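Structure at a glance
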Protein chains: 2
Amino acid sequence: MEYTVLVRMNEKLFLRDPESSELGRRIVRQGILLMADIGFEEMTFRKLADRINTKEASIYRYFENKHRLLVYVVAWYWQWLEYQLIFQTNNLPDPREKLERVLKLLLLKDVSSFSSQPVADELDIVALHGIVIREASKAYLTRHITEDNRQQLFKPYKDLCSRIAGIILEYRPDYPFARSRASSIIETAHYQAFFMQNLPSLTDFGSKPNETPSPENDERLLRFLQHLLFSSLETDTF
Amino acid sequence: MEYTVLVRMNEKLFLRDPESSELGRRIVRQGILLMADIGFEEMTFRKLADRINTKEASIYRYFENKHRLLVYVVAWYWQWLEYQLIFQTNNLPDPREKLERVLKLLLLKDVSSFSSQPVADELDIVALHGIVIREASKAYLTRHITEDNRQQLFKPYKDLCSRIAGIILEYRPDYPFARSRASSIIETAHYQAFFMQNLPSLTDFGSKPNETPSPENDERLLRFLQHLLFSSLETDTF
DNA sequence: ATCTCTTGATAGTAATACTATCAGTTATGC
DNA sequence: GCATAACTGATAGTATTACTATCAAGAGAT
């Protein structure tokens, strides 16, 4: 599975293309692991540099600052997810099944080839998924969103939403809120996954805080999302 | 309207109770305005101190750090909202109407007495609502959530969710996802409001980025939320 | 052999996020 | 009315963060 072929990133996201060098790839891959480990606010370029035996200044040659690194890895994730979606729904004739694939993808279910250990040069999708759940909103919940948006930094997210909105309209051509429905199901999937693990009393899944994610809980979350999505698409009360 | 009577805050949220002194109240009230103005990450206690003609060190006597100030004002908002909810649904016999009040409250609709200028010692609810939309998730999307949670810092949010979940069960006693439904409708309301203003292509409301919030868009967002909530509560497919 | 590109290494700056100290002022108990 | 405690202002200082600048060494291309 060739990521670099698969994902061609917007040049505004970096100063120097991290996929163009060994050091750049290490910055991204180890950056993901570090961020997944200690969290976005605790991460510094200093710590990352130490981790990969380079210097702060070298990392700054690739990314303006750590916020841009976050935006980059999150954008990468959305592009990867859209690719997976295209790939997995390619031969499905039934839009309902496509939507079910969407939901499973959002929870990273049945993405067998990536779920365990990443090999060689691949980046760790499971860790990245965790980052997206916990940190992605920090990529756009910011004062300079307008400027970032002008630079198309959020295009991958928008593209994914559009694609999902398109499937929604296949399923229900007269649905009047396709885009909002798409963006809200994505956010709901992530929020509920976060709450399930960290503030489980806000959900009907999970039991104790910081319990390791169990397949049964994931299954129940999936059913909740299916219920939410399909009930809204099947009603006639707008 | 006496806020201090209305809202009694968890003591873990502060070092010294900000409602107990003039300076404390100024820290909270002006802190809200400053944060609404320049955003959480750009805000510093230095800037806030300058704004209210005091010193950094004095602010640190009330709040451990700016994250705690954020957690405090957000918690205050949830408590205020729960109070409003209790007050406004007090005499409503119909659970459906209660749920409609919930949705309006989440968008701060018809909260007439606070909507324009805050008087005297009151804090600015409209500004605070903006903070909750843009910054609230930063209060819990953090590494130390487990510790914060142990200190009950999120209790107001949980209480509000419980209350909404309770109304959901009044409306539909056999609904199996009341808590998740409650937390997800809150988050969806805020996310969509944010997207509507900042990334409108992710929604079916709004038109141009950074357009001033229009009543029509708010109205359409409200209808979307009604549609989402009631379609999920009226279906039989779980 | 030279030129370019990249990294390593070191240094340095401005701002941030605090902590400590102490003096003056105000509120409180008695 | 007086002693004491509580609070704020003012100043100073530290460690860390978030960068920027410079230069030399090595690797690869021409």
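Throughout this document, residue positions are counted from 1 along each chain, in the order its sequence is written. To label them, take the chains in the order written and letter them from A, then take the ligands in the order written and number them from 1. Owing to the predicted nature of the model, reporting of local features is limited to residues with pLDDT of at least 70; listing and counting of side-chain atom pairs is limited to 80 or more, with chain, interface and lining totals taken over all residues. The basis for every side-chain value is the complete set of heavy atoms in the structure, and neither hydrogens nor water enter the calculation.

Lining the immediate surroundings of DNA strand D are 17 residues, of which N65(A), R16(B), T54(B), R61(B) and Y62(B) lie closest. By convention in these notes, a residue is near a molecule or strand provided one of its non-hydrogen atoms lies within 4 Å of it. Close to the protein, within 4 Å, the atoms of DNA strand D are drawn from sugar and phosphate at a rate of 56%. N or O atoms within 3.5 Å of each other form a polar contact, as long as, within protein, one can give a hydrogen and the other can take it, and as long as residues adjacent in sequence are counted only when both atoms are side-chain atoms. Contacts to DNA strand D include S58(B), whose side-chain N or O atom sits 3.3 Å from a phosphate oxygen. Within the side chain of R61(B), a nitrogen or oxygen atom sits 2.7 Å from a base oxygen of DNA strand D. The element best represented in the surface near DNA strand D is helix α4 (residues 56-60) of chain A, accounting for three residues. Classes in brief: Ala, Val, Leu, Ile, Met, Phe, Trp, Tyr, Cys and Pro nonpolar; Asp, Glu, Lys and Arg charged; the others, Gly included, polar. Looking at the surface near DNA strand D, its residues break down into four nonpolar, six polar and seven charged. A helix here means a DSSP run of H or I that spans at least four residues, while a strand means a run of E at least two residues long, and both kinds are numbered starting from the N terminus.

Turning our attention to the packing of aromatic side chains. Only Phe, Tyr and Trp rings take part, Trp by its six-membered ring, and two of them pair if their centres are within 6.5 Å. Stacked means planes under 30 degrees apart, edge-to-face means over 60, and tilted covers everything else. This structure, assessed with the given rule, holds 43 aromatic pairs over all chains. Centroid distance Y77(A) to W78(A): 5.5 Å. Interplanar angle 70 degrees. Geometry classified as edge-to-face. Here the two residues Y77(A) and W78(A) agree in accessibility, since each one is buried. Ring geometry for Y175(A) against F177(A): centres 6.1 Å apart, planes inclined by 80 degrees, an arrangement best described as edge-to-face. In terms of burial, Y175(A) and F177(A) fall into one category: buried. The residue whose ring lies beneath K66(B) is F40(B), and the NZ or CZ to ring-centre distance is 4.7 Å. Residue exposure (1.4 Å probe, protein chains only): buried if accessible area is under 20% of the type maximum, exposed if over 50%, otherwise partly exposed. Note on criteria: charge over ring means Lys NZ or Arg CZ within 6 Å of the ring centre, with the direction from the centre no more than 35 degrees off the ring normal.

The next subject is the side chain of T54(A). All names here are of chain A. Assignment of secondary structure puts T54 in the loop between α3 (45-51) and α4. With relative accessibility at 14%, the residue T54 sits in the buried group. Reaching out from T54, the side chain makes a polar contact with the side chain of S58 at a distance of 3.5 Å. In this description, contact between two residues means that some pair of their heavy atoms is separated by no more than 4.5 Å. Beyond its immediate chain neighbours, meaning those up to four positions away, T54 contacts L23, A49 and I59.

When you line up the elements, S184(B) lands in helix α11 (residues 178-198). Overall, S184(B) belongs to the buried group, its relative accessible area being 3%. At 2.7 Å, the side chain of S184(B) forms a polar contact with the backbone oxygen of S180(B). If sequence neighbours within four positions are ignored, S184(B) has contacts with T188(A), Q192(A), F224(A) and L228(A).

Moving on: the protein's contact with DNA strand C. Taken together, 17 residues surround DNA strand C, and among them T54(A), R61(A), Y62(A), Y60(B) and N65(B) come closest. For DNA strand C, the backbone portion of the atoms within 4 Å of the protein, that is sugar and phosphate, comes to 57%. Between a phosphate oxygen of DNA strand C and a side-chain N or O atom of R16(A), the distance comes to 3.1 Å. Between DNA strand C and the protein, one listed contact pairs a phosphate oxygen with a side-chain N or O atom of Y62(A) at 2.7 Å. A per-element tally of the surface near DNA strand C places helix α4 (residues 56-60) of chain B first, with three residues.

Every contact between the two is made by 54 residues of chain B and, on the other side, 53 residues of chain A. Taken together, the two surfaces of chain B and chain A that pack against each other cover about 4,700 Å², and 60% of this comes from carbon and sulfur. Salt bridges are defined by distance alone: a side-chain nitrogen of Lys or Arg within 4 Å of a carboxyl oxygen of Asp or Glu. Seen at the junction of chain B and chain A, the total is two salt bridges. The partner of D204(A) in a salt bridge is R179(B), with the nearest N and O atoms 3.6 Å apart. Note: buried area is the sum, over both parts, of the accessible area (probe 1.4 Å) each one loses when the two are combined.

Right, let's get into the pattern of salt bridges. Residue and element names in this part refer to chain A. Under the definition given, this model contains 38 salt bridges over all chains. For E219, the salt bridge goes to K109, with nearest N and O atoms at 2.5 Å. You can see E219 sitting in helix α12 (residues 215-234) and its partner K109 sitting in the loop between α6 (95-106) and α7 (112-115), a full 110 residues away along the chain. The class of E219 is partly exposed, set by a relative accessible area of 29%. Overlapping salt bridges, with partners in common, bring together E41, R134, E135 and K138 in one network.

What follows concerns the relation of the copies chain B and chain A. Copies are brought into register by a least-squares superposition over C-alpha atoms of residues with pLDDT of at least 70 in both. Once turned by 180 degrees and shifted 0.0 Å along the axis, chain B lies on chain A with an RMSD of 0.0 Å. On the angle and the small slide along the axis, the relation comes out as a two-fold axis. Within chain B, S231(B) has its C-alpha nearest the rotation axis, a separation of 2.8 Å. The share of interface residues of chain B whose copies in chain A are also at the interface is 98%, consistent with both copies meeting through the same surface.

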